[in-house]
Amino acid sequence: MTIFTSLRLSRYNQSQHLLSQQYCYSQAKWPMGLLLIGAFGLVGCQQKLESESVGPEGISPESMPLEAGQIDKRINEQQKMPNDSKGIAYSLAQTSIDIAEHQAKSDWVKSSVLTHQNANDKYHLVSNENRIGAIGNFAAYVQNGNMVTAETPISTFSIDVDTASYTTMRQQINRAILPLKNSVRVEELLNYFDYDYPIPTINEAPFSINTELAPSPYNQDAKLLRIGIQGFKLAADQIKAKNLVFLIDVSGSMSAVDKLPLLQQALLMLTQSLTAQDRVSIVVYANGVHQVVSGAKGNNTQQIKQALNNLQAGGGTNGGKGLALAYDLAAQHFIDQGINQVLLATDGDFNLGMTSQEDLINYVSQQRNKGIGLTTLGFGLSSQSAQFNDVLLEQLANQANGQYAYIDNLNEARKVLHDQLSQTLDIIASDVKIQVEFNPAIVSEYRLIGYENRQLQRQDFNNDKVDAGEIGAGHNVTAIYELRYNDSESLMHEPLRYKQNREPSSGEVGKPFTRNEIAFLKLRYKPFSGGKLAANDSLLISQPIYADIEVKGIQQTSDDFRFAAAVAGFGQLLNHNHYVHNTDYDKLITLAQTGLGEDRFGYRHEFVQLMRSAKLLVEQGVGQQGGFYDKVQPTEYSSALSPAVTRSVPKTMQTN
């Protein structure tokens, strides 16, 4: 998988910086080192509340799905509601200020750093010394902006099936804490939920591709394009033998009730799905490293249960040495044509042995090439814990052909390690990349929602040496773009004076495009079988996306579309996204209620209650910190703003 590719600072291809480096250096009280650290957002503080904790309410009648005929009425009522001081939607005047300031600040960041990886190399994002009272260690991401199709018609990114950002966000809200700004990975919120996409058979292409297009609920005169990818499912006789090594952190930091005790129950749930053909090893680490079980049969539940129940927490965290022993055991019991995985269960606090983030990532990357993957399971994020390291756990899984999940309760343990075990461990495709080319004859601007740290360069799509994400059996992946057509009244950029009437490239289309074609979608992947790559060369799936699939109102879309739109909108509000102007929590709650669908396990109903809790926290005045520009006063940018900034203000928002 890809680790911290550029946060797309370089994708904002502006002709000039509104704020020069000379201006930044001239501000004596903002030395460049501090600005860079602030830009990458690993600052923040533990939120404090005087009020009691607000948790999810029980499912109420208001959470039940609305009939199709009621949807228009409910949404129209929300659209007519005035924006009060507690609302999230901006006034037109404030919107102009927000956009202008954001543009100046974004240009300032671009003039300072180029990539997330560069900042990581220089400032060691996992270091405690670069965190100020943070709740765990979370990275902040520059949110994707509106791209001008005539200038940058192609969007390329790696898929992401991690879900940890959703569950860490859920636990924080349930503890009456709002996540740090810009830290929510919206794609992980989207992909936490299952969607009813058509399932291909194993004899067909491994994926089905599904698209929907409708008016956007986030901004006026914009469209929302949803792309859904569904992997095939495995029958019972197709499930491969598993060689699993549980690498368990038993250091002193794991003693809390939501850490080691929950971890033990979670792994016991996983073992209930194992059979005699599977192998289980257990390694624990604290000050030292200890081999507890080596290659036990999966159905030897008594031995495995006794070993897990006997674990106790205490000491330091020599995770690096633990990784080495775990990989040695995985190699010793390696199963050809099977699944060979190390499952690292920890709060991410590595403070002994191999502690360098770079060394750890290089090590798991080397093991990946030997056919042994790494799945990371996070535990123990709480208001009293500063050890939890979201950054490190995500990067390790990204580089090791694994997934990153956060376990905050027993239900989540069952979901990840029992109900969806095949999705978690049975990889069906590796290095999965998506590339969308938009037609500038129709689409003026586009914005990819989420996937900020999964962005790839255009040339990376056809380069099989560039690593990307994996997808498990039965997994689905969802991506959402917000589009503005050329005739939109709310364009974020003024049209070019010297416009080029450029047509989209034919590429591998095979036939001339039609005027009805808004985009061309390509998906590239390497088939994965028997626990390893089935081919070194990637395969290509492609299809056009037509404008006539658009429906007139969002009420005419599928339940999945409306629910996914609400989820993505919620993530953007939590991140204080500067490109969302026409929605708030009430509107998104209404929208989500119309898309609850069957919801067999209640995850969608739970999400509605989560949004209600977040809305109450906002209304109570619970603050969010950790954003890129929190410590920078607006006046420090005002002198750098030029009249050209107004080009970024939508036409309908410009005032005389």
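Position numbers for residues count from 1 along each chain, tracking the sequence in the order it is written. Where local features are concerned, this predicted model is filtered to residues with pLDDT of at least 70; where side-chain atom pairs are given and counted, the filter is 80 or more; whole-chain, interface and lining totals use all residues. Side-chain numbers here rest on the full set of heavy atoms in the structure, without hydrogens or water.

**Quick look at the sheet that holds strand 4 (residues 223-231)**
Backbone hydrogen bonds hold the strands of a sheet together, and the pairing may be parallel or antiparallel.
So, point 1. Pairing between strands requires that DSSP locate at least two bridges from one strand to the other. The numbering of helices and of strands both runs from the N terminus, where a helix is a DSSP run of H or I of at least 4 residues and a strand a run of E of at least 2. Spatial ordering of the open sheet is given by 1-12-14-4-3, a layout of 5 strands whose pairing is antiparallel. Each edge of the open sheet is held by one strand with a lone partner, namely strand 1 (147-148) and strand 3 (207-215).
So, point 2. As judged from the 9 bridges shared by strand 3 and strand 4, these two strands associate in the antiparallel manner. Across the sheet, Glu 212 pairs through a bridge with Arg 226, a residue of strand 4.
So, point 3. Contacts from helix 15 (residues 559-574) reach strand 3, strand 4, strand 12 (443-449) and strand 14 (476-485), with the element oriented near 110° to strand 4. Here a residue-residue contact requires only that any non-hydrogen atoms of the pair lie within 4.5 Å. Axis lines are fitted to C-alpha atoms, over the contacting stretch for helices. Their N-to-C directions set the angle, which ranges from 0 to 180 degrees.

**Quick look at the packing of helix 8 (residues 260-271) against helix 13 (residues 410-419)**
So, point 1. Between helix 8 and helix 13, the shortest axis-to-axis distance is 9 Å and the interhelical angle comes to 35°. Relative to helix 13, helix 8 is oriented so that their crossing is right-handed. Note on element contacts: helix 13 touches helix 8 through Leu 410, Ala 413, Arg 414, Leu 417 and His 418, opposite Leu 262, Gln 265, Ala 266, Leu 267, Met 269 and Leu 270.
So, point 2. Taken together, the residues that form the contact of helix 8 with helix 13 break down as 8 nonpolar, 2 polar and 1 charged. It is the rotation of the near helix from the far one that decides the hand of a crossing: anticlockwise by less than a right angle makes it left-handed, clockwise makes it right-handed. All amino acids are sorted into three groups, where Ala, Val, Leu, Ile, Met, Phe, Trp, Tyr, Cys and Pro are nonpolar, Asp, Glu, Lys and Arg are charged, and the leftover types, Gly among them, are polar.

**Digging into the confidence of the model for the protein chain**
So, point 1. In this model, the protein chain carries a mean pLDDT of 76, and residues with pLDDT of at least 70 account for 69%.
So, point 2. Taken as a whole, residues 1-69 scores under 50 in pLDDT and shows 212 contacts with residues more than four places along the chain or in a different chain.
So, point 3. For every residue, the predictor reports its confidence as pLDDT, a number between 0 and 100. Taken together, the stretch residues 82-134 has pLDDT below 50 and engages in 122 contacts with residues farther than four places along the chain or on a different chain.

**Some thoughts on the packing of helix 16 (residues 585-593) against helix 17 (residues 603-619)**
So, point 1. For the pair helix 16 and helix 17, the least separation of the axes is 10 Å and the interaxial angle reads 170°. In terms of orientation, helix 16 lies roughly antiparallel with respect to helix 17. For the pair helix 16 and helix 17, contact is made by Tyr 585, Asp 586, Leu 588, Ile 589, Ala 592 and Gln 593 and by Phe 607, Val 608, Met 611, Arg 612, Ala 614, Lys 615 and Val 618, respectively.
So, point 2. Taken together, the residues that form the contact of helix 16 with helix 17 break down as 9 nonpolar, 1 polar and 3 charged. Any angle that is under 35 degrees is reported as roughly parallel, and any over 145 degrees as roughly antiparallel; angles of 65 to 115 degrees are reported as roughly perpendicular and all others as oblique.

**Quick notes on the sheet that holds strand 10 (residues 404-406)**
So, point 1. If you walk across this open sheet you meet the 6 strands as 7-6-5-8-9-10, and the pairing is mixed. The open sheet terminates on both sides in strands that have one partner only, identified here as strand 7 (289-297) and strand 10. For this sheet the average axis-to-axis angle between neighbouring strands, irrespective of direction, equals 15°.
So, point 2. Bridging between strand 9 (residues 373-378) and strand 10 involves 3 bridges; their strand directions are parallel. Opposite Leu 377, over in strand 10, you have Ala 405 as the bridge partner.
So, point 3. Where helix 9 (residues 301-309) meets the sheet, its contacts fall on strand 5 (242-249), strand 6 (279-285) and strand 7, and the angle it forms with strand 7 comes to roughly 160°.
So, point 4. Along the sheet, helix 12 (residues 390-399) contacts strand 8 (339-346), strand 9 and strand 10; its crossing angle with strand 9, the most-contacted strand, is approximately 155°.

**Points about the environment of Asp 196**
So, point 1. Structurally, Asp 196 can be placed in the loop between helix 7 (186-190) and strand 3.
So, point 2. In this structure Asp 196 comes out as exposed when scored by relative accessible area, which is 71%.
So, point 3. Along the backbone, Asp 196 and Ser 558 are 362 residues apart, and their C-alpha atoms lie at a distance of 9.5 Å. Three exposure classes are used, based on accessible area relative to the maximum for each residue type with a 1.4 Å probe and protein chains only: buried under 20%, partly exposed in between, and exposed over 50%.

**With respect to the side chain of His 581**
So, point 1. Inspection of the secondary structure puts His 581 in the loop between helix 15 and helix 16.
So, point 2. A relative accessible area of 5% means that His 581 is categorised as buried.
So, point 3. Pairs of N or O atoms are called polar contacts if they sit within 3.5 Å, as long as, within protein, a hydrogen donor faces a hydrogen acceptor (for residues adjacent in sequence, only side-chain-to-side-chain pairs). A distance of 3.1 Å separates a polar side-chain atom of His 581 from the backbone oxygen of His 578.

**What to know about the packing of aromatic side chains**
So, point 1. Aromatic contacts are taken between Phe, Tyr and Trp rings whose centres are within 6.5 Å, Trp giving its six-membered ring; a plane angle under 30 degrees counts as stacked, one over 60 as edge-to-face, and the others as tilted. Under the defined criterion, the tally for this structure stands at 20 aromatic pairs.
So, point 2. Between Phe 193 and Phe 607, the ring centres sit 5.7 Å apart and the planes meet at 75°, which makes this aromatic pair edge-to-face. Pair noted here: Phe 193 is in the loop between helix 7 and strand 3 and Phe 607 is in helix 17, with a separation of 414 residues, a long-range link. An identical accessibility class is assigned to Phe 193 and Phe 607; each is buried.

**Some remarks on the pattern of salt bridges**
So, point 1. By salt bridge we mean one thing: a side-chain nitrogen of Lys or Arg within 4 Å of a carboxyl oxygen of Asp or Glu. Applying the stated criterion to the full structure yields 21 salt bridges.
So, point 2. Glu 394 is paired through a salt bridge with Arg 185; the nearest N and O atoms lie 3.7 Å apart. Here Glu 394, found in helix 12, pairs with Arg 185, found in the loop between helix 6 (164-174) and helix 7; they are 209 residues apart in sequence, far enough to count as distant.
So, point 3. A relative accessible area of 0% means that Glu 394 is categorised as buried.
So, point 4. By sharing partners, the salt bridges in this structure join Asp 160, Asp 162, Arg 185, Glu 188, Asp 390, Glu 394 and Arg 454 into a single network.

**Some remarks on the nonpolar core**
So, point 1. We define a nonpolar core as any set of buried Ala, Val, Leu, Ile, Met, Phe, Trp, Tyr and Cys residues linked to one another through side-chain atoms lying within 4.5 Å. In this structure, Tyr 166, Met 169, Phe 193, Tyr 218, Phe 563, Phe 570 and Phe 607 are the most contacted members of the largest nonpolar core, which totals 44 residues.
So, point 2. For this core, the elements supplying multiple residues, two or more each, are helix 6, helix 7, helix 15, helix 16 and helix 17.
So, point 3. With 10 residues, the top contributor of residues to this core is helix 15.
So, point 4. Counting residues in hydrophobic clusters, the runner-up holds 38 residues, among them Leu 225, Phe 232, Val 443 and Ile 518.

**Focus on helix 8**
So, point 1. Helix span is expected to be 1.5 Å times the residue number reduced by one. The first and last C-alpha atoms of helix 8 sit 17 Å apart over 12 residues, in line with the 16 Å expected at 1.5 Å per residue.
So, point 2. Among the 12 residues of helix 8, 10 are classified as buried, and the element is accordingly described as predominantly covered.
So, point 3. Looking only at helix 8, the buried set comprises Leu 260, Leu 262, Leu 263, Gln 264, Ala 266, Leu 267, Leu 268, Met 269, Leu 270 and Thr 271.
So, point 4. As for helix 8, its buried residues are in contact with strand 5, helix 9, strand 8, strand 9, helix 13 and helix 14 (421-425).

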